[in-house]
Amino acid sequence: MGKKGITDKVAVIGMGCTRFAEHWDKSVDDLLVEAAYEAFADAGIEPSDVEAAWLGTMISGYAGITLSGPLKTQFIPVTRVENMCATGSEAFRNACYAVASGAYDIVLAIGVEKLKDSGFSGLNAPKPANDGTVPNISAPASFSFLAPAYYEKYGLSNEQGREVLSRIAWKNHYNGSLNPKAQYRNEVPMEKITKSPMVAAPLGIMDCSGVADGAAAAIIVRTEDAHKYKKDPMYVKALSIAAGPGDGRLRQDYDFTTIKENVAAAAAAYAQAGIKNPRKEIDMAEVHDCFTPTELVIYEDLGFSERGHGWQDVLNGVFELDGELPVNPDGGLKSFGHPIGASGLRMLYEMYLQFQGKAGKRQLDNPKIGLTHNLGGTPMQCVSFISIVGKEIS
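Residues numbered from 1 in each chain as written. Predicted model: local features only at pLDDT ≥ 70, side-chain atom pairs only at ≥ 80, totals over all residues. Heavy atoms only, no water.

Quick word on the overall build of the protein
Okay, step 1: Along its length, the protein carries 14 helices and eleven strands.
Okay, step 2: Relative to the globule expectation of 21 Å for 394 residues, the C-alpha radius of gyration of the protein, 20 Å, shows essentially globular dimensions.
Okay, step 3: In terms of principal-axis extent, the alpha carbons of the protein reach across some 60 × 45 × 40 Å.
Okay, step 4: Counting the 394 residues in the protein, one finds 60% classified as buried.
Okay, step 5: Charged side chains of the protein number 38 positive and 47 negative; the gap between the two group centres comes to 1 Å. (Helix = DSSP H or I, 4+ residues; strand = E, 2+ residues; numbered from the N terminus. Rg over C-alpha atoms; globule rule 2.2 N^0.38 Å. Buried < 20%, exposed > 50% of the residue type's maximum accessible area, 1.4 Å probe, protein only. Lys, Arg positive; Asp, Glu negative; His and termini not counted. Charge placed at Lys NZ, Arg CZ, Asp CG, Glu CD.)

Re empty space enclosed by the protein
Okay, step 1: Scanning the entire structure with this criterion turns up one cavity of 30 Å³ or more.
Okay, step 2: Of the volumes computed, that of the largest cavity is approximately 40 Å³.
Okay, step 3: Contributing to the lining of the largest cavity are Arg-167, Ile-168, Lys-171, Tyr-299, Asp-313, Val-314, Gly-317, Val-318, Phe-319 and Glu-320.
Okay, step 4: The biggest single contributor to the lining of the largest cavity is helix 6 (residues 158–176), with three residues.
Okay, step 5: Each residue belonging to the lining of the largest cavity can be placed in one class, and the counts come to five nonpolar, one polar and four charged. (1 Å grid on protein atoms, 1.4 Å probe; cavity = no way out; pocket = protein on both sides within 12 Å on 5 of 7 lines; lining within 4 Å. Points joined across faces, edges and corners; volume = space filled by probe spheres on them. Nonpolar A, V, L, I, M, F, W, Y, C, P; charged D, E, K, R; others polar.)

Details of the sheet that holds strand 1 (residues 10–17)
Two pairing modes exist for strands in a sheet, parallel and antiparallel, and in both the strands are linked by backbone hydrogen bonds.
Okay, step 1: Pairing is mixed in the open sheet, where nine strands are placed in the order 3-2-4-7-1-8-11-10-9. If you trace the sheet from one side to the other, it starts and ends with strand 3 (78–81) and strand 9 (284–286), each paired once. Across this sheet, the average inter-strand angle for adjacent strands is 25°, counted without regard to direction.
Okay, step 2: When strand 2 (residues 52–56) meets strand 4 (residues 106–113), the two strands line up parallel, connected through five bridges. In the sheet register, Gly-56 faces strand 4, and the bridge partner there is Gly-111. (Pairing = 2+ DSSP bridges. Axes fitted to C-alpha atoms, helices over the stretch in contact; angles between N-to-C directions.)

Describing helix 9 (residues 260–273)
Okay, step 1: With 14 residues, helix 9 extends 20 Å from end C-alpha to end C-alpha; this agrees with the ideal 20 Å at 1.5 Å per step.
Okay, step 2: The set of residues buried in helix 9 consists of Glu-261, Asn-262, Ala-265, Ala-266, Ala-268, Ala-269, Tyr-270 and Gln-272.
Okay, step 3: Buried-residue contacts for helix 9 involve helix 3 (87–100), strand 8 (234–243), helix 10 (278–281), helix 11 (292–301), strand 10 (369–378) and strand 11 (381–390).
Okay, step 4: Looking at the residues trailing helix 9, positive phi occurs at Gly-274, about 75°. (Expected span 1.5 Å × (residues − 1). Contact = heavy atoms within 4.5 Å.)

Description of the confidence of the model for the protein
Okay, step 1: Averaged over every residue, the pLDDT of the protein is 95; the share at 70 or more is 97%.
Okay, step 2: When mean pLDDT is compared element by element in the protein, strand 9 scores highest at 99, while helix 4 (residues 139–144) scores lowest at 94. (pLDDT = per-residue confidence, 0-100.)

What about the nonpolar core?
Okay, step 1: Of all hydrophobic cores here, the largest spans 48 residues; its most connected members are Tyr-270, Leu-296, Leu-302, Phe-304, Leu-371 and Ile-388.
Okay, step 2: Going through the elements one at a time, helix 5 (146–154), helix 6, strand 8, helix 9, helix 11, helix 12 (310–315), strand 10 and strand 11 are the ones with two or more residues in this core.
Okay, step 3: Here this core takes five residues from helix 5, the largest share from any one element.
Okay, step 4: Those residues within four positions of Ile-388 in sequence are excluded, and the remaining contacts are Tyr-235, Val-236, Lys-237, Ala-238, Ala-269, Tyr-270, Ala-273, Ile-275, Ile-369, Gly-370 and Leu-371. (Core = buried A, V, L, I, M, F, W, Y, C linked by side-chain atoms within 4.5 Å.)

Okay, here's the thing in structure tokens:
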């Protein structure tokens with residue numbers, strides 16, 4: 001993986017985010033306009049100041065006109081990108097590199113997805129052509145493999161494992177109860193989580209993230225220009241994405257207790273940002289908690305916990321708001337749901353608010369380095385994205 005990056009070369013000067021919800025009364029256009037104009041206002045710029053835009057969406061629009069139409073941009077380049085559940089993060093990554101290259105001075109990265117009134121209960125996208133040997137497994141089923149594999153390898157009983165997974169869901173719902181932009185804003189008792197109806201054993205409904213509509217946006221400039229617009233911008237330290245070779249389901253040594261793309265993406269990001277000890281050097285993280293065992297495995301893949309010790313850290317409260325390393329302080333996918341194109345930028349929005357001290361009741365104590373993580377696909381093959389962002393220039 002490449003170690004070169006754009007550390008401190010670009011900064012975020014404005015962000016916007018809709019509430020994630022069942023937006024039956026809003027269209028894709030409405031969501032894009034709401035997120036973009038909140039970002040414009042936050043940055044103190046006019047829409048006409050934007051020189052180029054990157055739009056992330058998986059199934060809610062095609063080509064750049066999905067954005068240029070509702071925003072009425074005047075013939076600027078708009079690039080539509082898709083990278084499964086890392087789509088919003090991919091829009092951000094491409095926009096950052098365009099600014100760092102010197103091609104543009106000020107750009108927009110925006111992600112959107114409208115799923116609730118699509119006619120489907122969740123994400124529905126056509127599968128690419130294959131040779132017929134690819135297993136047709138639902139998302140909950142594919143990620144459910146992580147739990148029993150982890151229990152077996154590290155000696156947890158089913159009851160112990162159930163407590164750990166429930167604690168992860170409980171943490172994220174508690175955090176989301178403090179966030180006005182979350183879809184689900186209620187604390188959920190541990191007992192209710194533990195006894196929720198089964199979806200794909202051992203995962204119950206409360207182990208699974210929900211479905212939502214939403215949009216989020218960021219305005220990006222070069223670091224030397226940031227203070228012309230914002231006294232407290234967010235600086236980009238590292239951007240990394242890893243796409244897997246697809247051999248996980250074919251290898252006898254793959255044991256479902258890790259997602260290798262996470263490990264590769266994290267290693268590249270840490271090299272770019274000069275991170276040696278993520279547990280100690282990162283102050284907060286937003287990770288892709290599509291299912292509770294996914295978050296458990298992520299802790300270890302990203303070096304937040306030693307191998308086989310993530311479950312103990314969960315029970316010890318390490319990743320809670322008042323813990324050593326808060327994870328998903330905004331409530332995560334569990335509280336927001338997962339509009340594919342928007343989730344990655346929603347995670348960055350939380351970093352941005354936390355750095356500025358604007359996170360309200362969930363505000364952390366002066367965080368300076370944050371990490372966001374997306375993955376898309378299955379544990380056997382996925383894309384995994386990592387950003388590291390900061391409050392100050394290194």
